[in-house]
Amino acid sequence: MNIEIKNVDYIYNQGSPGEVYALKNINLNIKSHEIIGLIGQTGSGKSTLVQLLNGLLIPTNGEVIVDGISTKDKEKRRDIRFKVGLVFQYPEHQLFEETIEKDIGFGPKNMKLSEDEIQKRVELAMNKVGLNYEKYKDISPFEISGGQQRRVALAGIISMNPKVLVLDELTAGLDPVGRKEIFAEIMNIYNNDPELTIVLVSHSMEDVANYVDRVIVLNKGELYSDNSTYDTFNKVDLEKIGLDIPQIAKFMRAYKKKGHEIADDIYTIDDAVEELSRYLGVKNE
Ligand code: ADP
Ligand code: MG
């Protein structure tokens, strides 16, 4: 399933004194089974863009076409919401049911599925995000940890079987171990669904470097770059727009500058370990 974003502008409060030009002339194509990072400074338009993907916001100008259908088509908007699942920034603010089972089942219930099917989907979604069904189903979503609340929100979207899963800062504010665990679950979901596309909005360059294949960069509402992860961290000038590169990439470049003959195009810890082992092995021979 493809999403085409054609000449899209988005303006909040158009025509009023509080008018904000959040996105300007965005053109993008998102294909089946891609895992994409979306980065940019706070206020660059990331959350606006992801809400345009599932028809929650409608472009001021231009069009977003999901699986051949424009989000401007009111009759089809419901279908588009089910196809493009969006886990909001701070999803814990949107938990509201009295039990975890009901909260996760809210989407499937809206899809008018049978009770039986809803139960199956909730159980499966909970398994996928590492929440034990029997242990958690009857607990209030307000009684669990922040990391578990994010899982409940994620399961609530997964239970609708979306073709595109959009995660807006899903792991922001979680500790490194918690983030790693959730990412392992997300990668597992991605690798087991040959049609699923994931869009990962993130502040963390480490997360982007480790998990995505393609990176979209927004700057002040405009598309700054759209490249492979490799090119993004090696060829795009991110510092110019105030964005960082992964710490390990900085380390490798600094180490090379000290006169060590190592590759300086590395941006993940795993690759750095390999490269440094090679270098130190050769050096010690
Ligand atoms: P990001 O997710 O990258 O931080 P946003 O998409 O949330 O960026 O915001 C883009 C711009 O739109 C910012 O200037 C922000 O202040 C503005 N904005 C976001 N939501 C609203 C809103 N509901 N009303 C008015 N302006 C908004
Ligand atoms: Mg945001």
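We now turn to the structure provided with this report. (Residues numbered from 1 in each chain as written. Chains lettered and ligands numbered in written order. Predicted model: local features only at pLDDT ≥ 70, side-chain atom pairs only at ≥ 80, totals over all residues. Heavy atoms only, no water.)

**A closer look at the packing of helix H6 (residues 146-158) against helix H7 (residues 176-191)**
Test applied: Each axis is a line fitted through C-alpha atoms, and for a helix only the stretch in contact is used; angles between axes span 0 to 180 degrees, taken between their N-to-C directions. The numbering of helices and of strands both runs from the N terminus, where a helix is a DSSP run of H or I of at least 4 residues and a strand a run of E of at least 2. Oblique is the label for every angle not falling under 35 degrees (roughly parallel), over 145 degrees (roughly antiparallel), or within 65 to 115 degrees (roughly perpendicular). By convention the crossing between two helices is left-handed if the near helix lies anticlockwise of the far one by an angle smaller than a right angle, and right-handed if it lies clockwise. By definition in these notes, contact holds between two residues if any of their heavy atoms fall within 4.5 Å.
At a minimum axis distance of 11 Å, the contact between H6 and H7 shows a crossing angle of 15°. Taken together, H6 and H7 sit at an angle that is classed as roughly parallel. Crossing of H6 over H7 shows right-handed handedness. Across the interface between the two elements, Gly147, Arg150, Arg151, Leu154 and Ile158 of H6 pack against Glu181, Ile182, Glu185, Ile186 and Ile189 of H7.

**Some words on the coordination of the magnesium ion (ligand 2)**
As a reminder of what qualifies: In this listing, donors mean N, O and S atoms no farther than 2.8 Å from the metal, or 3.2 Å for Na, K and Ca; water is missing from the atoms, so a site can look incomplete. Exposure classes here rest on a 1.4 Å probe applied to the protein chains alone. A residue is buried below 20% of its type maximum, exposed above 50%, and partly exposed in between.
Every protein donor of the magnesium ion (ligand 2) is listed here as Ser47 (OG) and Gln89 (OE1), and their distances to the metal cover 2.1 to 2.5 Å. Here the residue Ser47 occupies a position in helix H1 (residues 46-53), and Gln89 occupies one in the loop between strand S6 (84-87) and helix H3 (100-110), the gap between them amounting to 42 residues. A relative accessible area of 30% places Gln89 in the partly exposed class.

**Let's talk about the packing of aromatic side chains**
This is how the line gets drawn: The pairing test for Phe, Tyr and Trp rings, Trp by its six-membered ring, is centres within 6.5 Å, and the orientation test on the planes gives stacked under 30 degrees, edge-to-face over 60, and tilted for anything in between.
Within the structure shown, the criterion is met by seven aromatic pairs. With a centroid separation of 5.1 Å and an interplanar angle of 85°, the aromatic rings of Phe96 and Phe106 are classed as edge-to-face. Here Phe96, found in the loop between S6 and H3, pairs with Phe106, found in helix H3; they are ten residues apart in sequence, far enough to count as distant. Accessibility expressed as a relative area gives 37% for Phe106, which makes it partly exposed. Ring centres 5.5 Å apart and planes at 45° place the aromatic pair Phe233 and Tyr267 in the tilted group. Taken together, the residues span a long stretch of sequence, with Phe233 in helix H9 (residues 229-234) and Tyr267 in the loop between helix H10 (247-257) and helix H11 (269-284) at a distance of 34 residues. With relative accessibility at 15%, the residue Tyr267 sits in the buried group. An aromatic cluster is built from Tyr230, Phe233 and Tyr267, whose rings are joined through pairwise contacts.

**Focus on the side chain of Asn54**
Rules: Two N or O atoms form a polar contact when they lie within 3.5 Å of each other; inside protein one atom must be a possible hydrogen donor and the other a possible acceptor, and for residues adjacent in sequence the pair counts only when both atoms belong to side chains.
Of note, Asn54 is situated in the loop between H1 and strand S4 (61-66). A residue is classified by how much of its surface remains accessible, and Asn54, at 5% relative accessible area, is buried. A distance of 3.2 Å separates a polar atom in the side chain of Asn54 from the backbone nitrogen of Leu56. Other than its neighbours up to four places away in sequence, Asn54 contacts Ile80, Arg81, Val84 and Leu86.

**Thoughts on the pattern of salt bridges**
Formally: Every case where a carboxyl oxygen of Asp or Glu lies within 4 Å of a side-chain nitrogen of Lys or Arg is listed as a salt bridge.
Using the criterion set out here, one finds 14 salt bridges in the structure. Across the pair Glu92 and Arg150 runs a salt bridge whose closest N-O atoms are separated by 2.8 Å. A residue pair is termed long-range when its members are at least 10 positions apart, and Glu92 in the loop between S6 and H3 and Arg150 in helix H6 qualify at 58 residues. For the pair shown, Glu92 and Arg150 are each scored as buried. Where Arg278 meets Glu275, a salt bridge forms, and the shortest distance between an N and an O atom there is 2.8 Å.

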